[in-house]
Amino acid sequence: MYELRDYQKTAVNNTLNYFRKTNAPAVIVLPTGAGKSLVIAELARIAKGRVLVLAHVKELVEQNHQKYESYGLEAGIYSAGLSKKESHQKVIFGSIQSVARANDDFFKDFTLVVIDECHRVGLEQETQYSQVIKKLQADNEDICVLGLTATPYRMGLGWIFNYSHRGVERTKESRFFKNCVYELPLDYMIKHKYLTPPVKIEIPVTSYDFSELMEKGSKFTNAEVEEVLQSQRRLTPLIVKNIVDIAEKYDRKGIMIFSSTVNHAKEILEYLPKGEAQIILGDTDEASRDQIINDFKDKKIKYLVNVSVLTTGFDAPHVDVIAILRPTDSVSLYQQIIGRGLRLAEGKKDCLVLDYAGIPHDIYAPEIGDKKPTPNSVNVPIPCPQCGFENNFWGKVDDDGNIIEHYGRTCRGGIQDPETMLFKPCGYRFRFKTCPSCQTQNDLSARECQKCKEVLVDADTKLKQARLSKGAHILKPDSIELEERIDKRGKTYLQVRYYDFDAKYLAENHYFESESDIKKFNVNFLRSHMRRPEFELPIESVSDAIRCQPLYRMPAFLIARKQGKFWRITEKIFAEEL
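These notes cover the structure that comes with them.

Rules used in this analysis
- Residues numbered from 1 in each chain as written.
- Predicted model: local features only at pLDDT ≥ 70, side-chain atom pairs only at ≥ 80, totals over all residues.
- Heavy atoms only, no water.
- Core = buried A, V, L, I, M, F, W, Y, C linked by side-chain atoms within 4.5 Å.
- Buried < 20%, exposed > 50% of the residue type's maximum accessible area, 1.4 Å probe, protein only.
- Helix = DSSP H or I, 4+ residues; strand = E, 2+ residues; numbered from the N terminus.
- Contact = heavy atoms within 4.5 Å.
- Pairing = 2+ DSSP bridges.
- Phe/Tyr/Trp six-rings, centres within 6.5 Å; stacked < 30°, edge-to-face > 60°.
- Lys NZ or Arg CZ within 6 Å of the ring centre and 35° of its normal.
- Axes fitted to C-alpha atoms, helices over the stretch in contact; angles between N-to-C directions.
- Lys, Arg positive; Asp, Glu negative; His and termini not counted.
- Salt bridge = Lys/Arg side-chain N within 4 Å of Asp/Glu carboxyl O.
- Polar contact = N/O pair within 3.5 Å; in protein donor to acceptor, adjacent residues only side chain to side chain.
- Parallel < 35°, antiparallel > 145°, perpendicular 65-115°, else oblique.
- Left-handed = near helix turned anticlockwise from the far one by under 90°.
- Nonpolar A, V, L, I, M, F, W, Y, C, P; charged D, E, K, R; others polar.
- Expected span 1.5 Å × (residues − 1).
- Arc of directions from axis to C-beta.

Topic: the nonpolar core
As a rule of thumb, soluble globular proteins bury nonpolar side chains together. Among the nonpolar cores identified, the biggest contains 102 residues, and Ile28, Phe210, Ile243, Ile257, Leu272 and Leu325 are the most heavily contacted of them. With seven residues, helix H9 (residues 235–249) is the largest single contributor of residues to this core. Excluding its chain neighbours within four sequence positions, the residues that come into contact with isoleucine 243 are Ile255, Ile257, Tyr303, Ala323, Leu325, Leu354 and Tyr356. Listed in part, the 31 residues of the second largest apolar core include Leu52, Ile92, Phe106 and Phe161.

Here is the structure:
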């Protein structure tokens, strides 16, 4: 029999507690090598009804089934790829492709469905996963759906669940999986020596330049990648030589090379030591593929080149070099690639990650969510003044690491009701868009007011409209100047001047004669200009406002409209709105 580690016990207990109170789909996040199969085995063993465990490739089906039966438990396999279609056992391990084509009798009496690599599941209605879940729910509307993954996000989508057991709202957008019942960080596994530490070498000798593809903001095609590789063809033999030199110098046992395209993979293979390397492509026949993988695992070959086919369902613990020669914007894919080299093996001290593609993702802390507002933005911890939750926002720090500004919008914290498992978001807004009709605070990206439904114009549209208007002027500030001035009545006021690169400026004036004046200053200036909007500044005079200038930020754009002989600032647009 098996013995669960403490974190595996917690994952199982959290799952049981959750499904006793709700059957809303849930996720467990465990890094590669954390023993997902043990968690699956324990949940399947103690389940009162039948359990269906799904995976998208036969290797995972077989791997999970073998682990399960190695614990002295019996289970069936339903997978055409494994030439088995068993359906009478309490626990069935199946491939999604085969199960989706099963007859209706197959779906009887299941109480739990477990989906491995569940980041592949979305809200789309026509997918095989959706079809299978509908058939299971038709037989048992209370069936529990549990997903397991090491990478709980998808390219172009972000987080695959709404709420974390840690009290974090990951996304407000609709998701199939509602809650994450347990999440284990990668650094925990490495710190406790459950995984091999990755050693990332970001610029080994020479690298491909994929920056144009990575920065264009849309998915790139194989043809575009091929074009870049052709223009840098001379680099490939140098890069491969560097991989071989490192492998030999540090006596590495298993090197996996992730190439960009089929042609690229074949070219790489030409430069690797003869008799020590093999290649696996999408169209490699099954028998050849199995033989190559077995030869690699048995250390008969040292180098294994592949194109997007060995990122999941592949387990070769001796891998101690990961060479990345392909671009990717996908954090999920990047972490899956790294995960191939993190399993423990005898004599293995670390895994070298050789990045020849300039991939910016952090192995330990992937950047999921809002895009970087500025190139020099970094992740900064920002406590919520309302609930105390520590948010992770984009921001700026000084040379000493002190936070000087952040671009956070809404607190991501909240509270989960222990009885219903419903999550109540904190909702505190650091920055927001005010409805001109009802003054309700809305998210900066909102297209209509959440209260009165009035259309809210976005920043890009405002700029386009202003450029087309003869009575509007747009200024891009380069500097800001605050000065105390005196009007014709002898009253002091604050003048704020915004200068562009040509020293042309727009100005606004603020008085501090009454409580009403101070309130107007707070609403019209301070609220949007604060680098740290969660702080309250005791500003009651012109001198107070000028003294706090280091705490203010500049807008990205100003829009002014002609009022008599003068220009009056009517709109301020900040970086996070663009």
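A few points about the pairing of strand E19 (residues 378–383)
Pairing of E19 with strand E20 (residues 390–397), which is carried by six bridges, proceeds in the antiparallel orientation. Bridging across to E20, valine 380 finds its partner in phenylalanine 393. Count of turn residues in the E19/E20 antiparallel hairpin: six residues, of which glycine 388 carries a positive phi of about 85°.

So, the packing of aromatic side chains
Overall, the coordinates contain 19 aromatic pairs when judged by the stated rule. On the basis of an interplanar angle of 55° and a centroid distance of 5.4 Å, the ring pair of tyrosine 68 and phenylalanine 93 is categorised as tilted. Linking tyrosine 68 in helix H3 (residues 58–70) with phenylalanine 93 in strand E5 (residues 91–95), this pair joins segments that are 25 residues apart in sequence. Phenylalanine 93 gets classed as buried once you look at its relative accessible area, which sits at 2%. Here phenylalanine 106 and phenylalanine 110 contribute two aromatic rings whose centre-to-centre distance is 5.8 Å and whose plane-to-plane angle is 45°, an arrangement assigned as tilted. Owing to a relative accessible area of 4%, phenylalanine 106 belongs among the buried residues under this scheme. What links up through ring pairs into an aromatic cluster is the set Tyr78, Phe106, Phe107 and Phe110. The ring of phenylalanine 110 is capped by arginine 50, whose NZ or CZ atom sits 4.3 Å from the centre of that ring. For arginine 170, the ring lying beneath its charged end belongs to tryptophan 159, and the centroid distance is 4.1 Å.

Considerations on the sheet that holds strand E21 (residues 403–406)
With respect to topology, three strands assemble into an open sheet ordered E19-E20-E21, the strand pairing being antiparallel. Every interior strand has two partners, whereas the edge strands, E19 and E21, have only one. Between one strand axis and the next, the sheet turns through 60° on average, direction left out of account. When E20 meets E21, the two strands line up antiparallel, connected through three bridges. Residue pairing across strands places lysine 396 opposite glutamate 405, the latter belonging to E21.

Re the side chain of lysine 302
Within the secondary structure, lysine 302 is located in the loop between helix H11 (286–297) and strand E16 (303–306). No salt bridge is formed by the buried lysine 302. Its closest oppositely charged neighbour is glutamate 276, at 4.9 Å. Of the polar contacts made by the side chain of lysine 302, one reaches the backbone oxygen of arginine 252; its length is 3.4 Å.

Considerations on the packing of H9 against helix H10 (residues 262–271)
One way to put it is that H9 packs onto H10 with a least axis distance of 9 Å and a crossing angle of 55°. Between H9 and H10, the angle falls in the class oblique. H10 is crossed by H9, and the crossing has right-handed handedness. Residues Thr236, Pro237 and Val240 of H9 form the contact with H10, whose own contacting residues are His264, Glu267, Ile268 and Tyr271. Looking at side-chain class alone, the contact of H9 with H10 contains four nonpolar, two polar and one charged residues.

Details of H11
The end-to-end C-alpha distance of H11, which contains twelve residues, comes to 16 Å, matching closely the 16 Å that a straight helix rising 1.5 Å per residue would cover. Along H11, the residues that are buried comprise Arg289, Ile292, Ile293, Asp295 and Phe296. Seen end-on, H11 carries its buried residues on one side only, within an arc spanning 160°. In this fold, the buried residues of H11 make contact with H3, strand E14 (254–258), strand E15 (277–280), E16 and strand E17 (319–324). Looking at where H11 begins, the residue whose side-chain oxygen comes 3.3 Å from the main-chain nitrogen of alanine 287 is aspartate 285. Positive backbone phi, at 65°, marks lysine 299, one or two positions downstream of H11.

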